[in-house]
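# Observations on the model geometry
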2 protein chains.
Amino acid sequence: MRIGELCQATGVGIETIRYYEKEGLIPAPARTDNGYRNYGSAHLERLSFIRHCRALDMPLAEIKRMLGFVAHPDADCGDINRLIDEQLARVRVRLKSMRALEKQLSQLRAHCGAGHTAAECGILHELVAAAQGEACACHTKAP
Amino acid sequence: MRIGELCQATGVGIETIRYYEKEGLIPAPARTDNGYRNYGSAHLERLSFIRHCRALDMPLAEIKRMLGFVAHPDADCGDINRLIDEQLARVRVRLKSMRALEKQLSQLRAHCGAGHTAAECGILHELVAAAQGEACACHTKAP
DNA sequence: AAAAACCCTGTAGTGACTTCAGAGTCAATA
DNA sequence: TATTGACTCTGAAGTCACTACAGGGTTTTT
Ligand SMILES: [Zn+2]
Ligand SMILES: [Zn+2]
Ligand SMILES: [Zn+2]
Ligand SMILES: [Zn+2]
(Lines give C-alpha, C1' and ligand atoms only; values in the text may rest on other atoms or scores of the structure.)
(Ligands and ions follow the chains in the order given, each with its own letter.)
Protein backbone atom coordinates (compact mmCIF):
# COMPACT_ATOMS: atom_id res chain seq x y z
CA MET A 1 0.00 0.00 0.00
CA ARG A 2 1.12 3.54 -0.65
CA ILE A 3 1.56 6.24 1.93
CA GLY A 4 -1.80 7.83 1.20
CA GLU A 5 -3.59 4.53 1.74
CA LEU A 6 -1.75 4.00 5.02
CA CYS A 7 -2.83 7.49 5.95
CA GLN A 8 -6.45 6.63 5.15
CA ALA A 9 -6.26 3.33 7.00
CA THR A 10 -4.85 4.75 10.21
CA GLY A 11 -5.89 8.37 10.25
CA VAL A 12 -2.25 9.38 10.64
CA GLY A 13 -1.12 12.26 8.46
CA ILE A 14 1.30 11.61 5.62
CA GLU A 15 3.88 14.02 7.00
CA THR A 16 3.62 12.34 10.38
CA ILE A 17 4.24 8.91 8.86
CA ARG A 18 7.37 10.17 7.12
CA TYR A 19 8.40 11.84 10.37
CA TYR A 20 8.07 8.56 12.26
CA GLU A 21 10.25 6.86 9.67
CA LYS A 22 12.89 9.54 10.00
CA GLU A 23 12.80 9.18 13.78
CA GLY A 24 13.16 5.41 13.53
CA LEU A 25 9.75 4.47 14.91
CA ILE A 26 8.70 2.61 11.81
CA PRO A 27 11.21 0.87 9.53
CA ALA A 28 11.83 2.32 6.09
CA PRO A 29 9.56 0.43 3.70
CA ALA A 30 10.52 -0.94 0.31
CA ARG A 31 10.08 1.37 -2.65
CA THR A 32 8.28 0.79 -5.91
CA ASP A 33 10.06 1.54 -9.21
CA ASN A 34 9.02 5.16 -9.17
CA GLY A 35 10.40 5.65 -5.67
CA TYR A 36 7.08 5.60 -3.82
CA ARG A 37 7.00 4.00 -0.36
CA ASN A 38 5.37 0.57 -0.34
CA TYR A 39 3.92 -0.53 2.98
CA GLY A 40 2.71 -3.90 4.21
CA SER A 41 0.38 -4.98 6.99
CA ALA A 42 3.25 -5.08 9.51
CA HIS A 43 3.72 -1.37 9.00
CA LEU A 44 0.04 -0.73 9.51
CA GLU A 45 0.02 -2.66 12.78
CA ARG A 46 3.11 -0.95 14.04
CA LEU A 47 1.75 2.46 13.19
CA SER A 48 -1.54 1.69 14.92
CA PHE A 49 0.37 0.58 17.98
CA ILE A 50 2.33 3.82 17.99
CA ARG A 51 -0.80 5.92 17.71
CA HIS A 52 -2.46 4.01 20.49
CA CYS A 53 0.50 4.75 22.73
CA ARG A 54 0.44 8.39 21.64
CA ALA A 55 -3.24 8.52 22.58
CA LEU A 56 -2.00 7.57 26.06
CA ASP A 57 0.27 10.60 25.73
CA MET A 58 3.46 8.61 25.86
CA PRO A 59 6.51 10.47 24.52
CA LEU A 60 8.03 8.98 21.38
CA ALA A 61 11.13 7.92 23.31
CA GLU A 62 9.01 5.74 25.57
CA ILE A 63 7.09 4.34 22.65
CA LYS A 64 10.43 3.30 21.19
CA ARG A 65 11.16 1.42 24.40
CA MET A 66 7.70 -0.15 24.22
CA LEU A 67 8.36 -1.28 20.65
CA GLY A 68 11.58 -2.79 21.94
CA PHE A 69 9.57 -4.91 24.36
CA VAL A 70 7.30 -6.04 21.55
CA ALA A 71 10.37 -7.07 19.58
CA HIS A 72 12.00 -8.90 22.50
CA PRO A 73 9.26 -10.94 24.14
CA ASP A 74 11.71 -12.71 26.45
CA ALA A 75 12.60 -9.51 28.31
CA ASP A 76 11.48 -8.94 31.87
CA CYS A 77 7.99 -7.60 32.24
CA GLY A 78 8.98 -5.38 35.17
CA ASP A 79 10.41 -2.84 32.76
CA ILE A 80 7.05 -2.52 31.06
CA ASN A 81 5.44 -1.96 34.42
CA ARG A 82 7.88 0.73 35.30
CA LEU A 83 7.30 2.45 31.99
CA ILE A 84 3.54 2.52 32.48
CA ASP A 85 3.94 3.61 36.09
CA GLU A 86 6.11 6.53 35.07
CA GLN A 87 3.59 7.57 32.45
CA LEU A 88 0.76 7.27 34.94
CA ALA A 89 2.68 9.36 37.45
CA ARG A 90 3.27 12.07 34.85
CA VAL A 91 -0.39 12.11 33.89
CA ARG A 92 -1.47 12.32 37.53
CA VAL A 93 0.81 15.25 38.20
CA ARG A 94 -0.61 17.10 35.23
CA LEU A 95 -4.14 16.14 36.14
CA LYS A 96 -3.68 17.59 39.60
CA SER A 97 -2.35 20.89 38.29
CA MET A 98 -5.14 21.02 35.68
CA ARG A 99 -7.72 20.68 38.43
CA ALA A 100 -6.12 23.45 40.45
CA LEU A 101 -5.99 25.57 37.33
CA GLU A 102 -9.66 25.09 36.58
CA LYS A 103 -10.53 26.14 40.11
CA GLN A 104 -8.37 29.26 39.98
CA LEU A 105 -9.75 30.33 36.63
CA SER A 106 -13.36 29.80 37.71
CA GLN A 107 -12.79 31.89 40.81
CA LEU A 108 -11.11 34.54 38.75
CA ARG A 109 -13.97 34.61 36.29
CA ALA A 110 -16.43 35.11 39.13
CA HIS A 111 -14.79 38.42 39.95
CA CYS A 112 -16.29 40.16 36.99
CA GLY A 113 -19.78 41.46 36.59
CA ALA A 114 -20.36 42.79 33.09
CA GLY A 115 -20.41 46.30 31.68
CA HIS A 116 -17.56 48.28 33.11
CA THR A 117 -14.07 49.39 32.14
CA ALA A 118 -10.84 47.48 32.60
CA ALA A 119 -9.87 49.81 35.42
CA GLU A 120 -12.89 48.64 37.41
CA CYS A 121 -12.56 44.99 36.48
CA GLY A 122 -12.25 42.57 39.35
CA ILE A 123 -10.37 40.11 37.17
CA LEU A 124 -7.59 42.55 36.49
CA HIS A 125 -7.51 43.67 40.13
CA GLU A 126 -7.29 40.09 41.23
CA LEU A 127 -4.47 39.25 38.88
CA VAL A 128 -2.46 42.29 39.90
CA ALA A 129 -3.09 41.57 43.59
CA ALA A 130 -2.09 37.94 43.16
CA ALA A 131 1.10 38.96 41.41
CA GLN A 132 1.92 41.11 44.43
CA GLY A 133 1.31 38.18 46.74
CA GLU A 134 -1.71 39.82 48.31
CA ALA A 135 -5.10 38.25 48.80
CA CYS A 136 -8.02 39.96 47.14
CA ALA A 137 -10.40 41.70 49.56
CA CYS A 138 -13.25 39.44 48.48
CA HIS A 139 -11.42 36.41 49.85
CA THR A 140 -11.25 37.55 53.44
CA LYS A 141 -14.03 35.96 55.39
CA ALA A 142 -16.68 38.32 56.76
CA PRO A 143 -16.63 38.40 60.62
CA MET B 1 18.65 45.55 40.46
CA ARG B 2 20.61 43.24 38.20
CA ILE B 3 19.20 40.30 36.31
CA GLY B 4 20.40 37.79 38.88
CA GLU B 5 18.63 39.64 41.66
CA LEU B 6 15.43 39.81 39.63
CA CYS B 7 15.82 36.09 39.08
CA GLN B 8 16.18 35.56 42.85
CA ALA B 9 13.24 37.84 43.62
CA THR B 10 10.81 36.19 41.23
CA GLY B 11 12.07 32.65 40.77
CA VAL B 12 12.16 33.23 37.01
CA GLY B 13 15.28 31.96 35.26
CA ILE B 14 17.74 34.47 33.84
CA GLU B 15 17.41 33.11 30.32
CA THR B 16 13.64 33.29 30.59
CA ILE B 17 13.79 36.93 31.64
CA ARG B 18 15.93 37.77 28.61
CA TYR B 19 13.56 35.72 26.45
CA TYR B 20 10.57 37.75 27.69
CA GLU B 21 12.42 40.93 26.82
CA LYS B 22 13.16 39.67 23.33
CA GLU B 23 9.51 38.72 22.89
CA GLY B 24 8.37 42.15 24.05
CA LEU B 25 6.65 41.05 27.26
CA ILE B 26 8.82 43.19 29.48
CA PRO B 27 10.37 46.47 28.27
CA ALA B 28 14.13 46.62 27.75
CA PRO B 29 15.59 48.02 30.96
CA ALA B 30 18.27 50.70 31.24
CA ARG B 31 21.87 49.51 31.24
CA THR B 32 24.64 50.30 33.68
CA ASP B 33 28.02 51.47 32.37
CA ASN B 34 29.28 47.95 31.90
CA GLY B 35 26.24 47.00 29.85
CA TYR B 36 24.42 45.04 32.55
CA ARG B 37 20.63 45.24 32.63
CA ASN B 38 19.31 47.45 35.41
CA TYR B 39 15.79 46.68 36.57
CA GLY B 40 13.37 48.65 38.75
CA SER B 41 10.34 47.68 40.77
CA ALA B 42 8.03 48.16 37.78
CA HIS B 43 9.87 45.37 36.01
CA LEU B 44 9.53 43.14 39.02
CA GLU B 45 5.80 43.72 39.22
CA ARG B 46 5.32 43.16 35.54
CA LEU B 47 7.34 39.96 35.60
CA SER B 48 5.36 38.68 38.58
CA PHE B 49 2.14 39.43 36.74
CA ILE B 50 3.38 37.50 33.72
CA ARG B 51 4.35 34.50 35.82
CA HIS B 52 1.02 34.51 37.56
CA CYS B 53 -0.71 34.39 34.19
CA ARG B 54 1.66 31.65 33.05
CA ALA B 55 0.77 29.71 36.18
CA LEU B 56 -2.79 29.88 34.82
CA ASP B 57 -1.33 28.35 31.67
CA MET B 58 -2.09 31.33 29.49
CA PRO B 59 -0.11 31.47 26.24
CA LEU B 60 2.29 34.39 25.98
CA ALA B 61 0.17 35.96 23.23
CA GLU B 62 -2.80 36.18 25.60
CA ILE B 63 -0.64 37.51 28.38
CA LYS B 64 0.39 40.26 26.00
CA ARG B 65 -3.27 41.10 25.50
CA MET B 66 -3.77 41.06 29.25
CA LEU B 67 -0.88 43.47 29.71
CA GLY B 68 -2.55 45.68 27.14
CA PHE B 69 -5.64 45.84 29.35
CA VAL B 70 -3.50 46.79 32.34
CA ALA B 71 -2.00 49.59 30.27
CA HIS B 72 -5.35 50.84 28.97
CA PRO B 73 -7.73 50.88 31.91
CA ASP B 74 -10.46 52.63 29.93
CA ALA B 75 -10.96 49.68 27.60
CA ASP B 76 -14.07 47.54 27.75
CA CYS B 77 -14.01 44.84 30.36
CA GLY B 78 -15.86 42.38 28.12
CA ASP B 79 -12.65 41.61 26.29
CA ILE B 80 -11.06 40.52 29.54
CA ASN B 81 -14.00 38.26 30.21
CA ARG B 82 -13.73 36.67 26.82
CA LEU B 83 -10.02 36.08 27.29
CA ILE B 84 -10.55 34.30 30.59
CA ASP B 85 -13.47 32.33 29.20
CA GLU B 86 -11.38 31.09 26.31
CA GLN B 87 -8.62 30.07 28.67
CA LEU B 88 -11.09 28.30 30.93
CA ALA B 89 -12.55 26.45 27.96
CA ARG B 90 -9.11 25.27 26.88
CA VAL B 91 -8.27 24.10 30.37
CA ARG B 92 -11.56 22.19 30.66
CA VAL B 93 -10.97 20.40 27.38
CA ARG B 94 -7.54 19.31 28.51
CA LEU B 95 -8.82 18.37 31.94
CA LYS B 96 -11.38 16.08 30.39
CA SER B 97 -8.84 14.29 28.22
CA MET B 98 -6.46 14.03 31.19
CA ARG B 99 -9.15 12.29 33.22
CA ALA B 100 -9.84 9.83 30.42
CA LEU B 101 -6.11 9.22 30.08
CA GLU B 102 -5.69 8.48 33.76
CA LYS B 103 -8.50 5.96 33.60
CA GLN B 104 -7.08 4.21 30.57
CA LEU B 105 -3.61 4.00 32.03
CA SER B 106 -4.87 2.68 35.38
CA GLN B 107 -6.84 -0.03 33.62
CA LEU B 108 -3.84 -0.88 31.50
CA ARG B 109 -1.62 -1.10 34.54
CA ALA B 110 -4.04 -3.52 36.19
CA HIS B 111 -3.41 -6.02 33.40
CA CYS B 112 -0.02 -6.96 34.72
CA GLY B 113 0.74 -9.27 37.56
CA ALA B 114 4.45 -9.31 38.34
CA GLY B 115 7.22 -11.74 37.45
CA HIS B 116 6.81 -12.87 33.88
CA THR B 117 8.24 -12.16 30.46
CA ALA B 118 7.13 -9.49 28.03
CA ALA B 119 5.54 -12.15 25.86
CA GLU B 120 3.19 -13.04 28.70
CA CYS B 121 2.53 -9.49 29.76
CA GLY B 122 -1.08 -8.38 29.81
CA ILE B 123 -0.09 -4.78 29.26
CA LEU B 124 1.62 -5.56 25.99
CA HIS B 125 -1.22 -7.84 24.91
CA GLU B 126 -3.71 -5.13 25.71
CA LEU B 127 -1.85 -2.49 23.76
CA VAL B 128 -1.47 -4.72 20.73
CA ALA B 129 -5.13 -5.73 20.90
CA ALA B 130 -6.22 -2.12 21.25
CA ALA B 131 -4.13 -1.15 18.27
CA GLN B 132 -5.99 -3.80 16.27
CA GLY B 133 -9.31 -2.43 17.40
CA GLU B 134 -10.12 -5.53 19.42
CA ALA B 135 -11.30 -5.61 22.99
CA CYS B 136 -9.14 -7.52 25.42
CA ALA B 137 -10.69 -10.80 26.65
CA CYS B 138 -10.70 -9.53 30.21
CA HIS B 139 -13.14 -6.81 29.29
CA THR B 140 -15.97 -9.07 28.22
CA LYS B 141 -18.40 -9.46 31.10
CA ALA B 142 -18.70 -12.94 32.61
CA PRO B 143 -22.20 -14.45 31.97
C1' DA C 1 -3.24 16.86 -23.96
C1' DA C 2 -4.30 18.94 -19.96
C1' DA C 3 -5.64 18.86 -15.26
C1' DA C 4 -6.03 16.89 -10.89
C1' DA C 5 -4.28 14.08 -7.56
C1' DC C 6 -0.66 11.79 -5.71
C1' DC C 7 4.31 11.25 -4.31
C1' DC C 8 9.35 12.75 -3.37
C1' DT C 9 13.19 15.44 -0.58
C1' DG C 10 14.61 18.92 2.32
C1' DT C 11 13.95 22.93 5.02
C1' DA C 12 11.74 25.90 8.25
C1' DG C 13 8.18 27.12 11.56
C1' DT C 14 5.47 26.29 16.00
C1' DG C 15 5.71 27.55 21.85
C1' DA C 16 8.08 28.49 25.63
C1' DC C 17 11.64 27.97 26.93
C1' DT C 18 16.79 25.72 27.83
C1' DT C 19 21.48 25.07 26.72
C1' DC C 20 25.63 26.21 24.76
C1' DA C 21 29.80 28.78 22.91
C1' DG C 22 32.71 32.42 23.48
C1' DA C 23 33.68 36.61 25.58
C1' DG C 24 33.65 40.52 28.92
C1' DT C 25 33.29 42.43 34.00
C1' DC C 26 33.77 42.50 38.95
C1' DA C 27 34.87 41.15 43.99
C1' DA C 28 37.57 38.42 46.83
C1' DT C 29 41.44 35.52 47.62
C1' DA C 30 46.65 33.51 47.37
C1' DT D 1 49.24 41.40 41.81
C1' DA D 2 47.56 37.70 39.68
C1' DT D 3 44.05 34.81 39.43
C1' DT D 4 40.22 32.48 40.69
C1' DG D 5 35.21 32.34 40.81
C1' DA D 6 30.78 34.39 40.27
C1' DC D 7 28.24 37.18 37.46
C1' DT D 8 26.89 39.15 32.92
C1' DC D 9 26.63 39.75 27.74
C1' DT D 10 25.22 38.18 22.71
C1' DG D 11 23.68 35.05 19.37
C1' DA D 12 22.78 30.51 17.84
C1' DA D 13 21.06 26.01 18.38
C1' DG D 14 18.39 22.31 20.73
C1' DT D 15 13.93 20.53 22.78
C1' DC D 16 9.10 17.91 21.37
C1' DA D 17 5.95 16.21 18.04
C1' DC D 18 4.56 17.51 14.63
C1' DT D 19 2.98 20.87 10.50
C1' DA D 20 3.64 23.58 6.45
C1' DC D 21 5.91 24.89 2.76
C1' DA D 22 8.93 24.98 -1.76
C1' DG D 23 9.99 22.92 -5.77
C1' DG D 24 10.05 19.21 -8.14
C1' DG D 25 8.42 14.30 -10.34
C1' DT D 26 4.57 10.64 -11.44
C1' DT D 27 0.05 8.68 -12.12
C1' DT D 28 -4.71 8.85 -13.04
C1' DT D 29 -8.65 11.10 -14.74
C1' DT D 30 -11.10 14.05 -17.82
ZN1 LIG E 1 -14.65 42.95 34.56
ZN1 LIG F 1 -11.00 38.07 45.13
ZN1 LIG G 1 3.36 -7.77 32.74
ZN1 LIG H 1 -8.23 -6.32 29.17
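## Here's the deal with the protein's contact with DNA strand C
For DNA strand C, the set of nearby residues contains 19 residues, the closest of which are Arg18 and Arg37 of chain A together with Glu15, Thr16 and Tyr20 of chain B. Counting only atoms of DNA strand C within 4 Å of the protein, the sugar-phosphate share comes to 76%. Within the contact set of DNA strand C, a base nitrogen lies 3.0 Å away from a side-chain nitrogen or oxygen of Tyr36 of chain B. Those elements giving two or more residues to the surface near DNA strand C turn out to be helix H1 (3-10) and helix H2 (14-22) of chain A together with helix H2 (14-22) and helix H3 (41-55) of chain B. Per-element tally for the surface near DNA strand C: the top contributor is H2 of chain B, with four residues. Its residues placed into classes, the surface near DNA strand C shows eight nonpolar, four polar and seven charged.

## Concerning the interface of chain B and chain A
Facing 50 residues of chain B, the contacting portion of chain A comprises 50 residues. Carbon and sulfur atoms make up 75% of the area that chain B and chain A hide from each other, which totals about 4400 Å². Counting every contact that joins chain B to chain A gives four salt bridges. Across the pair Glu102 of chain A and Arg92 of chain B runs a salt bridge whose closest N-O atoms are separated by 2.6 Å. Scanning the region where chain B abuts chain A turns up 16 residue pairs in polar contact (both at pLDDT 80 or more). Ranked by the residues each element gives to the side of chain B that touches chain A, the list is headed by helix H5 (residues 78-109) of chain B, at 19 residues. A class-by-class count of the residues in the side of chain B that touches chain A yields 29 nonpolar, eleven polar and ten charged.

## A few points about helix H3 (residues 41-55) of chain A
For H3 of chain A, spanning 15 residues, the distance from its first C-alpha to its last is 21 Å, which sits close to the expected 21 Å at 1.5 Å a residue. Residues of H3 of chain A that are buried: His43, Leu47, Ser48, Phe49, Ile50 and Cys53 of chain A. On its buried face, H3 of chain A sits against H1, H2 and helix H4 (60-71) of chain A together with helix H6 (122-131) of chain B. Just downstream of H3 of chain A, Asp57 of chain A is the residue with a positive phi angle, here 65°.

## Things to note about the packing of aromatic side chains
All names here are of chain A. Here the structure, examined in full by the defined rule, presents two aromatic pairs over all chains. Arranged with centres 6.0 Å apart and planes meeting at 45°, the rings of Tyr19 and Tyr20 form a pair that is tilted. In this structure Tyr19 comes out as partly exposed when scored by relative accessible area, which is 37%. Owing to a relative accessible area of 3%, Tyr20 belongs among the buried residues under this scheme.

## Some points on the domain arrangement of chain A
Here the domain parsing of chain A yields domain 1 (1-57) and domain 2 (76-143). Relative placement of domain 1 of chain A and domain 2 of chain A: their C-alpha centres are 39 Å apart.

## Quick word on the relation of the copies chain B and chain A
When chain B is fitted to chain A, the residual RMSD is 0.4 Å, and the transformation amounts to a turn of 180° plus an axial shift of 0.1 Å. The two molecules are tied by a two-fold rotation axis, judged by turn and shift. Across chain B, the smallest distance between a C-alpha and the rotation axis is recorded for Leu95 of chain B, namely 3.5 Å. Taken together, the interface assignments show that 100% of the residues at the interface of chain B recur at the interface of chain A, consistent with an identical surface on both copies.

Cut-offs applied
- Within any chain, residue numbers begin from 1 and follow the written order of that chain's sequence.
- Chains carry letters and ligands carry numbers; both start at the beginning, A for chains and 1 for ligands, and go up in the order they are written.
- In view of the model being predicted, local features appear only for residues whose pLDDT reaches at least 70, and side-chain atom pairs are presented and counted only at 80 or more, with totals across whole chains, interfaces and linings using the full set of residues.
- Heavy atoms throughout the structure, all of them, feed into the side-chain values; hydrogens and water do not.
- Proximity is defined per residue: any heavy atom of the residue falling within 4 Å of a molecule or strand makes that residue near it.
- Polar contacts, as counted here, are pairs of nitrogen or oxygen atoms within 3.5 Å of one another; within protein the pair requires one atom able to donate a hydrogen and one able to accept it, and residues that are adjacent in sequence qualify only if both atoms are side-chain atoms.
- The way it works is that DSSP assigns letters per residue, a run of H or I at least four long becomes a helix, a run of E at least two long becomes a strand, and they are numbered from the N terminus.
- Ten residues, namely Ala, Val, Leu, Ile, Met, Phe, Trp, Tyr, Cys and Pro, are considered nonpolar, four, namely Asp, Glu, Lys and Arg, are considered charged, and the remaining ones, Gly among them, are considered polar.
- The contact definition used throughout considers only heavy atoms, calling two residues in contact when any of these lie within 4.5 Å.
- Buried area counts how much accessible surface, traced with a 1.4 Å probe, disappears from two parts once they are put together, with both parts' losses summed.
- When a carboxyl oxygen of Asp or Glu is within 4 Å of a side-chain nitrogen of Lys or Arg, the pair counts as a salt bridge.
- In this scheme, a helix's expected span is set at 1.5 Å multiplied by one less than its residue total.
- Per-residue accessibility, obtained with a 1.4 Å probe over protein chains only, is compared with the maximum for each type, and a residue is labelled buried under 20%, exposed over 50%, and partly exposed between these values.
- In this analysis, rings of Phe, Tyr and Trp, with Trp reduced to its six-membered ring, are considered paired at centre separations within 6.5 Å, and the interplanar angle assigns stacked below 30 degrees, edge-to-face beyond 60, and tilted for intermediate values.
- Note: domain ranges come from an automatic or database domain assignment.
- Only residues with pLDDT of at least 70 in both copies contribute their C-alpha atoms to the least-squares superposition of the copies.

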